[in-house]
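A structural walkthrough
Chain by chain, the residues run as shown.
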Amino acid sequence: PPEDLTLYAKNKVLLGYLSPSDYHRCHAPIEGKVVHLKMEDSQAMSASVKFWGGKFNLLNKNKRLVVVIESTDDRATEPPTRVALVVVGGVGVDTIVYDPNMLGKSIEKGGEISTFRAGGSAIAMFSNTELNFRKDFLDAVSTEETPVQVMVGESLAQYSQKI
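Residues numbered from 1 in each chain as written. Predicted model: local features only at pLDDT ≥ 70, side-chain atom pairs only at ≥ 80, totals over all residues. Heavy atoms only, no water.

Taken in spatial order, the 6 strands of this open sheet run β1-β9-β5-β4-β3-β7, and their pairing is antiparallel. What marks the edges here is a single partner per strand, and that holds for β1 (14–18) and β7 (106–107). Here 5 bridges tie β1 to strand β9 (residues 121–127), and the two strands are oriented antiparallel to one another. The partner of Y17 across the bridge, within β9, is A122. (Pairing = 2+ DSSP bridges. Helix = DSSP H or I, 4+ residues; strand = E, 2+ residues; numbered from the N terminus.)

Written as structure tokens, this is what we have:
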């Protein structure tokens, strides 16, 4: 939702790249209700930064699925905690597969949101609430020159709760 944009901008963003050999499914990072679901630029041709001399913006040039999940955690927050996922189809990925009927429905943490049929892709995660990343994860991404691999189901952060 547009009212969340300023809150998303205040918080850390997690950007994950999926190489062609990686697991190509996106899962819900929190339990909640899908309050926004939209395929952006569904006719866009997939592209890569290397084809554009490093001047290419993955988040606004490739086909992408935007999913916002509002937490149904029983701890009250105002505004409600929302996590936005931007699922990006990169080079050779013009097939982001998802259920268009999930809008307005509940989804469990770990529930499947989308899958890709082939190629490399990326996932950006934004939150309107501060994310508290695991210290070992932050240390690894700040000191490693090689990508940090994350396993399916591995928790990377907790979101802050205003009770």
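Picking up after the structure, the text goes on.
On to the pairing of strand β3 (residues 32–40). Within a regular strand, the side chains alternate between the two sheet faces. Of the pairings in the sheet, the one linking β3 to strand β4 (residues 64–71) comprises 8 bridges and is antiparallel in character. Bridge pairing in β4 places L37 opposite V67. Looking at chain direction, β3 and β7 are connected through 2 bridges and run antiparallel. From the neighbouring strand, K33 faces β7, where its bridge partner is S106.

In short, shape yes, function no, at least from these values alone.
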